[in-house]
Protein chains: 2
Amino acid sequence: MNSNPIFNMHIPTKLVFGCGEIKKLATEKLPGKKAMIVISSGTSMKKYGYLDKVINLLTENDTASIVYDKILPNPIKSHVMEAAAICRERGCDFIVGLGGGSSIDSAKAIAVMACNDGDYWDYIQGGTGKGRPVKKVLPVVAIPTTAGTGTEADPWTVITNEERQEKIGFGCPGTFPALSIIDPELMVSIPPHLTAYQGFDAFFHAAEGFIANCSTPISDLYALEAIRLLAKYLPIAVSDGKNLKARAKVAWGSTLAGLVESTSSCTSEHSMEHAMSAFYPELPHGAGLIALSEAYFETFRNDSMKRYMKMAEVMTQQKSNRPSDFIDALVRMQTACNVRDIRLSDWGLKEEDLPKMVQNARDTMGGLFLFDPRPLTDEEILNIYKKSYR
Amino acid sequence: MNSNPIFNMHIPTKLVFGCGEIKKLATEKLPGKKAMIVISSGTSMKKYGYLDKVINLLTENDTASIVYDKILPNPIKSHVMEAAAICRERGCDFIVGLGGGSSIDSAKAIAVMACNDGDYWDYIQGGTGKGRPVKKVLPVVAIPTTAGTGTEADPWTVITNEERQEKIGFGCPGTFPALSIIDPELMVSIPPHLTAYQGFDAFFHAAEGFIANCSTPISDLYALEAIRLLAKYLPIAVSDGKNLKARAKVAWGSTLAGLVESTSSCTSEHSMEHAMSAFYPELPHGAGLIALSEAYFETFRNDSMKRYMKMAEVMTQQKSNRPSDFIDALVRMQTACNVRDIRLSDWGLKEEDLPKMVQNARDTMGGLFLFDPRPLTDEEILNIYKKSYR
C-alpha cells in the first residue's frame, strides 16, 4: 500500500448487531411489503425455530412472506433461477437471506434475477459468464446464523454453475444488503467443526485482505481487528459453543472481515479453494481454505514481511520480528480449533485432480490472483495444492 | 461499554479519499443536475482557485451550479434560511458544501430547509427548537478543505441561532452526505494555528467518542486509530503545512473521527464549548475545546481509567499503567502544536460570563451530558470553566 493512498469506502448496509437483536426485524423499516425468505435445504432453520421466528417478526412488522427452502451448502445456479421465477410470480418485493453464507448469497443472486432477464450466468464476470450489466436488484435483508462469510457486510455472492463446474463470486452496488441483523444468539447451535470452518473463512477474508496489494487504511483497520478477535475467541467458541461472549466476538470478527471484503479483496487462496469445491461440492469452503492456508501463506512470507509481523502481533499480543511468526500463530490457532489434521482426500479429492484445479482457479476467479502480493506461476499454484494435499 | 454490546452502524455516505481526488467530482455519479455550492464569506475558496475548480469539474460532469458565499465561521440561521430560499427559487436539486465545517454544515442545513417549510429552528431538538420531524432533505456533496469537523462522514450540522445565542447540533439520516471527497491537497494552505485548532477538534471527537458511555466496538476502532494518527501527525502538519503525507494522515484521522461521531457521540466538552462560542462567535471552536480539555479530561480521570490508558498507549506507543498518562500525552501534543497557551480572554470572554455558560451548555446541547462517563454537577461544570479560564 502506498504511503499516500487513494481509496473509497461506501457501505450502504445498515448493520444491527447484538445478542437478541433479531427482535429488531419487527421494528426496523423494511425495504418492502412481501418477502421471499431464502433458507437452506437442511433442517436447522426449522428445528431451532429461526424460520418461524423470522416469519412472525415480519408479520409483526406488517410484512407478508413466502419461503424458498432448497439452498445447498455450495449453492447452485438452478436454485437461483427457480427461486427468482417464483419471486416474480408471487410478487415479492424484497428477499430475506436467513442462514449461512449459502442462503444469504443465494438471496442476493435471486434478488438480481428477480429484476433481470436471461440467465444468471449472463451477468457473471469470469469463467464462461457474459458480464452483462445488472439493471436493478431487489433489496436484500441478511440474517446470518453462522459467523464466517461476512456476506452481511459486503456485496458478494458466490454461486456454483453446476453444469460447468464454475464457482464464481459476483457483486454490484445493488447487492449490498439494505439491512443486516447479526444476532450471535442464533449461532450457539453450530457444531464445533463447522464453527471452526466458518470462523477460519472469516479469518482468511481478513488475512488475505490485509496482504492484498489493494489494501487500504480502512480495510487494514477492519482486518487487524478481525484477525485479533478471531485468533482470541474462535478457539473458545469452538470448544464452548454456548459461550455467548465468544460467539459475539467471533460474529463481530466475521462481520468486520466482511467489511474488509468491501474495502479490500480476497486473494488467490480463495480462487484456489473455489476450484476445489467446484469439483467437490461436499468439501466445506472453510475446510478447503484451512487445508491450503499454511502452504499458501508460506509462499508470500518474504513478500509481505511487515504485514505478516503485524498480523502475528495482533494474534499473539507480542512484538514480532520474523514473518514466520504469523505462520506459527496460524498453525497454533488451527490446533486450538481442532482443525490441524484436515485431509482433502476425506472429501474425495484425488491427487491427480490437482493440475486441473490450477486451471479452474485461473479460469473462474483468476481476477483475485491480481491482488496477491506478487504474481504466482502455475507451478507455484500446483505446489501449494500439492503441499496441502493429504 | 457492555461486554456483549448491542449497536448499529449505518453510514450511507460514499467516501472518496486521496491526494488529487477532487478530480473525481467530474466522473462520480452526482445526486442532481443543478448544485448550489455553499462557501464561506472569506476569500480562500476563490483565492486558491478551489471554487473555480469545483465549478469546472461540475460542468465537466454535466452539472450546473450557483454559488452562495456568505457563510460565517460560526454559521448562522439567517444565512441558512436565505440560501434555502434561493435554492428553491433557482431550482437547485443538490447542495455542495465546499470549505470548512461551517460551509459543509450550512450545506446540510440548507438542504433541510430547501425541502421543509417554516423556520430552521422548528426542526431543532434542544434549546428553544420545536423538534418538528424533517420530511425530506436535498442530497449533499461534501468537499472539506480543512481537517477537523468530520462532517463529511457524519449527519451532524451545527448552526447558531444568532437571535437566541443558541448553537445547536442537528442531524437526521437525510443529512449524511451522499458523497464526500476528501482531498488532502486542498488543505496545504491552512495556516499553522488553524491547522492545530481544527486538528484538535477532530482529536476531541475521537477522544470524547471513546470515553462516551455509548461507545461501541466499531466506534472504538475508529476512535483509537484517529487518536493515534492525530497525535503522531498533527504536530508535523502544524509545523510543516506543505507535508502532504502529514496532511493526508490528519485528514484521514479527521474523517475517522467523523465516523466516530456517526457511531458513538461527543460528550459534554462539546456542549461546554458550544456555549462559549454562542456568546463569543469569534472564538474558534477548536481553540475553545483546547482551552477546556485538560480540566475536562482531568474530571473523568478516575471514571474511565482503562480507556484513558488505552488512549495514552496509542498516543505514546508505550504501555500505560496510569490514566494520567493520557492527560500528559494530551498536554505534550498541545505543546508540540503550539496551542498550549490559549487564553479565552483574548477572544473577549470575561470570568463573570462563566456561570451563564453552565446554563447555556445545559440548555442547548444538554443531551451530550448524558453520554459522559458519569453525570456532572453544575458545580463541576463551572469548575472546568474556571480552571480553563485565562
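Residues numbered from 1 in each chain as written. Chains lettered and ligands numbered in written order. Predicted model: local features only at pLDDT ≥ 70, side-chain atom pairs only at ≥ 80, totals over all residues. Heavy atoms only, no water.

**Q** Requested: an account of the relation of the copies chain B and chain A, with residues and values cited.
**A** Overlaying chain B with chain A gives an RMSD of 0.0 Å, the required rotation being 180 degrees about an axis along which the chain moves by 0.0 Å. The superposition operator between the copies reduces to a two-fold rotation axis. Looking at the rotation axis and the C-alpha trace of chain B, the residue lying nearest is Pro 12 of chain B, at 2.2 Å. (Least-squares fit on C-alpha atoms with pLDDT ≥ 70 in both.)

**Q** Can you lay out the interface of chain B and chain A for me, pointing to particular residues and giving the numbers?
**A** Each partner contributes to the interface: chain B provides 30 residues, whereas chain A provides 30 residues. In this assembly, chain B packs against chain A so that about 2600 Å² is buried in total across both faces, 60% of it on carbon and sulfur atoms. Area buried by chain B at its contact with chain A is led by Asn 4, Met 9 and Leu 221 of chain B, which between them contribute 21% of it. Joining chain B to chain A, the criterion identifies zero salt bridges. Joining chain B to chain A, the criterion identifies seven residue pairs in polar contact (both at pLDDT 80 or more). Sorting the residues of the side of chain B that touches chain A by element identifies β1 (7-17), α6 (217-239) and α7 (244-263) of chain B as the ones contributing at least two each. Element by element, the count of residues in the side of chain B that touches chain A is highest for β1 of chain B, at eleven residues. Tallied by class, the residues present in the side of chain B that touches chain A amount to 19 nonpolar, six polar and five charged. As judged from the seven bridges shared by strand β1 (residues 7-17) of chain A and β1 of chain B, these two strands associate in the antiparallel manner. Bridge pairing in β1 of chain B links Val 16 of chain A to Asn 8 of chain B. (Contact = heavy atoms within 4.5 Å. Buried area = accessible area lost by both parts, 1.4 Å probe. Salt bridge = Lys/Arg side-chain N within 4 Å of Asp/Glu carboxyl O. Polar contact = N/O pair within 3.5 Å; in protein donor to acceptor, adjacent residues only side chain to side chain. Helix = DSSP H or I, 4+ residues; strand = E, 2+ residues; numbered from the N terminus. Nonpolar A, V, L, I, M, F, W, Y, C, P; charged D, E, K, R; others polar. Pairing = 2+ DSSP bridges.)

**Q** Explain the UniProt feature "domain: Alcohol dehydrogenase iron-type/glycerol dehydrogenase GldA" (unreviewed entry) in chain A to me, and be specific about the residues and the numbers.
**A** Cross-referencing UniProt, the feature "domain: Alcohol dehydrogenase iron-type/glycerol dehydrogenase GldA" (unreviewed entry) maps to residues 12-184 of chain A in the present numbering. From the first C-alpha to the last, residues 12-184 of chain A spans 22 Å; its make-up is 24% helix and 27% strand. (UniProt positions renumbered as here; feature names shortened; annotations may be inferred.)

**Q** Can you break down the packing of helix α5 (residues 192-211) of chain A against helix α10 (residues 305-316) of chain A residue by residue, with the values?
**A** Relative orientation and spacing of two packed helices are given, respectively, by the angle between their axes and the distance between those axes. Residue and element names in this part refer to chain A. The contact between α5 and α10 brings their axes to 9 Å, and the two run at 145 degrees. For the element pair α5 and α10, the recorded crossing hand is right-handed. Between α5 and α10, the residues in contact are Phe 203, Ala 207, Phe 210 and Ile 211 and Arg 307, Tyr 308, Lys 310, Met 311 and Met 315, respectively. Tallied by class, the residues present in the contact of α5 with α10 amount to seven nonpolar, no polar and two charged. (Axes fitted to C-alpha atoms, helices over the stretch in contact; angles between N-to-C directions. Left-handed = near helix turned anticlockwise from the far one by under 90°.)

**Q** Go over the nonpolar core with me, naming the residues and quoting the values.
**A** If you look at the biggest cluster of nonpolar residues, it comprises 166 residues, and the most contacted ones within it are Phe 203, Tyr 222 and Tyr 385 of chain A together with Phe 203, Tyr 222 and Tyr 385 of chain B. Ignoring any residue separated from it by four or fewer positions in sequence, one finds Tyr 222 of chain B in contact with Met 9, Ile 218, Leu 221 and Tyr 222 of chain A together with Met 9, Leu 256, Leu 259, Val 260 and Thr 263 of chain B. (Core = buried A, V, L, I, M, F, W, Y, C linked by side-chain atoms within 4.5 Å. Buried < 20%, exposed > 50% of the residue type's maximum accessible area, 1.4 Å probe, protein only.)

**Q** Outline the sheet that holds strand β8 (residues 179-182) of chain B, supporting the account with residue identities and numerical values.
**A** Whenever strands of a sheet pair, they do so through backbone hydrogen bonds, lying parallel or antiparallel. What the twelve strands build is an open sheet, ordered β3(A)-β2(A)-β4(A)-β5(A)-β8(A)-β1(A)-β1(B)-β8(B)-β5(B)-β4(B)-β2(B)-β3(B); its pairing is mixed. Here the strands that pair on one side only, and so sit at the sheet edges, are β3 (64-71) of chain A together with β3 (64-71) of chain B. Going from strand to strand, the sheet's axes swing by 25 degrees on average, the running direction of each strand aside. Pairing between strand β2 (residues 34-40) of chain A and strand β4 (residues 94-99) of chain A: four bridges, direction parallel. Bridge pairing in β4 of chain A links Val 38 of chain A to Gly 97 of chain A. Against the sheet, α7 of chain B makes contact with β1 of chain A together with β1 and β8 of chain B, and its axis sits at roughly 150 degrees relative to β1 of chain B, the strand it touches most.

**Q** So, the domain arrangement of chain A: which residues are in play, and what are the values?
**A** Residues and elements named next belong to chain A. Partitioning chain A into domains gives domain 1 (14-186) and domain 2 (191-388). Computed over C-alpha atoms, the centres of domain 1 and domain 2 are 25 Å apart. Interface of domain 1 and domain 2: buried area, both sides summed, is about 2100 Å²; carbon and sulfur atoms make up 60% of it. The largest share of the area that domain 1 buries against domain 2 comes from Ala 147, Gln 165 and Lys 167, three residues that together contribute 28% of it. (Domains from an automatic or database assignment.)

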